Amino acid sequence: MNRINALIKEYCPDGVEIRCLEDCCNLLDKKRKPVTKASREAGEYPYYGANGIQDYVSNYIFDGTFVLVGEDGSVITKSGTPVVTWAEGKIWVNNHAHIIEEKEGVMLRYLYHYIQTIDVTSLIHGNIPKLTGKDFKALKIAVPPLEVQREIVRVLDSFTLLTAELTAELTAELTARKKQYNFYRDALIQKECKIEKVKLNSVCEIYDGTHKTPKYTNTGIPFVSVENIDDLYGTRKFIAPEDYAKYKIKPRKGDVFMTRITAGVIGKCTVVDRDDDLAYYVSLALLRPNTDILDSKYLKYYLESGWGRKELSKWILWDATPTKINKDDIGRVLISIPPLDVQKRLVQVIEHFDAICTDLNIGLPAEIKARQKQYEYYRDLLLTFAETGSTLVTDRQTELNAIRLIQYVFGYVTLPMGSLFDFRNGLSKGKDFFGTGIPFIRYTDVYNNRFLREKDITALVECTPAEVEKLKVHRGDVFFTRTSETAEDVGWSSVMLDDIEDCVFNGFTIKATPKTDFLLPEYCAFCFATDDFRQYVTSHCAFTTRASLTGKTIAGYKLAFPSIEKQQEIVNVLSKFHALCNDLSAGLPAEIEARRKQYEYYRDKLLSFEELQKK
């Protein structure tokens, strides 16, 4: 500092000359060229945008040493200064960053540091807020003699180098923490349960009974066929023990009998609940599941469900007399197999409803019929989820119970976001006004300290009181970026954790308002940060001149969510990881922030000059 003070006293005792930026460097904005993500060819050359490298492409349009200054109003720093990037070598620059190169008399590195001190907040304007070329060229730059510039650059670069070395070391640790956080986030927030679908003969042995009509006796071993499927041990037919001894496969507890003949009856099942001897005819198939993988009762309910009947029907010989399904074809039937604990919970729920339906104490036939329909509804709902991993619930009266039931059995439920949120685009009329008063939301920047005056709101909002009410923002509302140059930039979200009654959001923003109270806003915030959601948004973007997104598109995304209690557990875990990665008080980022502030302190002190008084 003493060295710089001495130089200023020696070379500019009367103050420092102030020039417009265009007089300090060569402006190259006219040579910029944007390329959409879809049109870029991957390569080795950096592709720069408003806030640094966006991609790598196969060609370049600049070769040298440059300073890039973000043009977009949405990417200025918290202190209102532009994002400034140092770039060297062969590069491509799109039209979201101003580009300058050195001109004799002013060091480019000096401009790199100096531009970072200029508050451009008042210069950001337009329907698409930006720092225009006209305002950029007119920025006022204090230009001391080259000797002073060199010393200032030497001091600030030494800070930059130390900060960069420390930042690289700490960022490596921070990156590792973030990877760990992302792993647990995506593991805890599952898109869907991994429900395996396999051939029945891979998880179940399949046998059939005797093909010969037996010689019946008055006592001996009970003999069953299709007519006994609902009451195996109530049969009045028996065969001699010596005939039963010829059976190679004898039923045992946990086996499942399934009818093989007669249209409308094929697929009806009973689980063997004891190890007593039981003879059976060829009209029945004996299914022996691998109980380490497949629950016997789940197998019964699955085969009797709509999904099971659909699979069986593919292999039924409809032209045969009688209609039948061959034993080998039963083995080709595909069955969805969720985890064993899920199967058991599903059976528990189904049997609960089944007991209600069959309980003779219910009495009234109308009530029995209603309960039967309820049982069938929930049975098919659960088995549909087991088959597909998702289900649509449209009956509002039963929606909450159905959701809780599926969450209990499978741990989560999956619903399209259109059934969970109402979507609304922001205002597209008028221009952006900045002042004080009403919070203004642009893109997903909820807390950007930009405001609109009450009279500006009146000018923008030309709608009914009901429409004005929809512009109010409450806890749990989600804001999505609606449009951007590339698909990767749309769909980024911010979730409101506080109420803001008076608020306006612009046409580049989509607001999603929850319809339900069984989603935590914090849980939604983590969901919308997952790779699965980002990939969905990117793949469904529409392209014209810019990538764009609609509420209708987001409405199609299927959001998986557990019970509210489980959501809270997930939020608690992920919040701790999030704090480790992002909270400045957590340690690593705090050190980086301290070094950055130290650099900015000396930068601002070194670049504060007394203006030369013109005579």
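Parameters and conventions
Residues numbered from 1 in each chain as written. Predicted model: local features only at pLDDT ≥ 70, side-chain atom pairs only at ≥ 80, totals over all residues. Heavy atoms only, no water. Pairing = 2+ DSSP bridges. Helix = DSSP H or I, 4+ residues; strand = E, 2+ residues; numbered from the N terminus. Axes fitted to C-alpha atoms, helices over the stretch in contact; angles between N-to-C directions. Parallel < 35°, antiparallel > 145°, perpendicular 65-115°, else oblique. Contact = heavy atoms within 4.5 Å. Nonpolar A, V, L, I, M, F, W, Y, C, P; charged D, E, K, R; others polar. Buried < 20%, exposed > 50% of the residue type's maximum accessible area, 1.4 Å probe, protein only. Arc of directions from axis to C-beta. Core = buried A, V, L, I, M, F, W, Y, C linked by side-chain atoms within 4.5 Å. Salt bridge = Lys/Arg side-chain N within 4 Å of Asp/Glu carboxyl O. Disulfide = S-S within 2.5 Å. Phe/Tyr/Trp six-rings, centres within 6.5 Å; stacked < 30°, edge-to-face > 60°. Lys NZ or Arg CZ within 6 Å of the ring centre and 35° of its normal.

Draft legend 1. Up close: the sheet that holds strand E16 (residues 279-280). Strand order across the open sheet formed by 4 strands is E11-E13-E12-E16, with mixed pairing between neighbours. Where the open sheet ends on each side, the last strands, each with one partner, are strand E11 (216-217) and E16.

Draft legend 2. Seen up close, the packing of helix H6 (residues 296-304) against helix H7 (residues 306-313). Two elements in contact, H6 and H7, have axes whose closest approach is 4 Å; the angle formed by their N-to-C orientations is 70°. The angle between H6 and H7 places the two elements in the roughly perpendicular class. From H6, Tyr302, Leu303 and Glu304 reach across to H7, where they touch Gly306, Trp307, Gly308, Arg309 and Leu312. Considering only residue class, the contact of H6 with H7 consists of 4 nonpolar, 2 polar and 2 charged.

Draft legend 3. A look at the sheet that holds strand E14 (residues 256-259). Pairing in this open sheet of 4 strands is antiparallel, and the strands run E10-E17-E14-E15 from one edge to the other. Where the open sheet ends on each side, the last strands, each with one partner, are strand E10 (204-208) and strand E15 (269-271). Along the sheet, successive strands turn relative to each other by an average axial angle of 25°, direction set aside. Note: E14 against strand E17 (residues 284-289), 4 bridges, orientation antiparallel. In the strand pairing of E17, Met258 is matched with Ala285.

Draft legend 4. Layout of H7. Among the residues of H7, those classed as buried are Gly308, Glu311 and Leu312. One face of H7 carries all of its buried residues, which in axial projection span an arc of 100°.

Draft legend 5. Focus on the nonpolar core. Ranked by internal contacts, the top residues of the largest apolar core, which has 68 residues, are Leu287, Phe528 and Phe561. Ranked by size, the runner-up nonpolar core spans 37 residues in total, among them Leu21, Ile76, Val84 and Leu606.

Draft legend 6. Here's a closer look at the pattern of salt bridges. Applying the stated rule across the entire model yields 23 salt bridges. Put simply, Asp157 and Arg109 hold a salt bridge, and the shortest N to O gap is 2.9 Å. Of this pair, Asp157 sits in helix H4 (residues 146-188) while Arg109 sits in helix H2 (residues 108-115), placing them 48 residues apart in sequence. What makes Arg109 buried here is its relative accessible area of 17%.

Draft legend 7. Looking closely at the pairing of strand E3 (residues 42-49). Pairing between E3 and strand E4 (residues 52-57): 6 bridges, direction antiparallel. Of the residues in E4, the one forming a bridge with Tyr48 is Ile53. Turn length for the E3-E4 hairpin, with the two strands adjacent in sequence and antiparallel, is 2 residues. Looking at chain direction, E3 and strand E6 (residues 84-93) are connected through 2 bridges and run parallel. Bridge pairing links Tyr47 to Trp92 in E6.

Draft legend 8. Summary view of the state of the cysteines. Taken as a whole and judged by the stated rule, the model has 0 disulfides. No disulfide involves Cys204; its nearest neighbouring cysteine sulfur is the one of Cys269, lying 10.0 Å away. Relative accessible area serves as the criterion here: at 6%, Cys204 is assigned to the buried category.

Draft legend 9. Region of interest: the packing of aromatic side chains. In this structure the tally under the stated criterion is 18 aromatic pairs. Look at Trp86 and Tyr112: their rings are 5.8 Å apart centre to centre, the planes differ by 75°, and that puts the pair in the edge-to-face class. Residue Trp86 is located in strand E6, and its partner Tyr112 is located in helix H2; the two are separated by 26 residues in the primary sequence. Residue Tyr112 is classed as buried on the basis of its relative accessible area, which comes to 13%. The interplanar angle of 45° and the centroid separation of 6.4 Å between the aromatic rings of Phe421 and Phe423 together place this pair among those described as tilted. Given the relative accessible area of 24%, Phe423 is considered partly exposed. Members of the aromatic cluster, each reached through a chain of ring pairs, are Phe421, Phe423, Phe480, Phe528, Phe533, Tyr536 and Tyr557. In this arrangement the basic side chain of Lys250 is found over the ring face of Tyr244, its NZ or CZ atom lying 5.3 Å from the centre.

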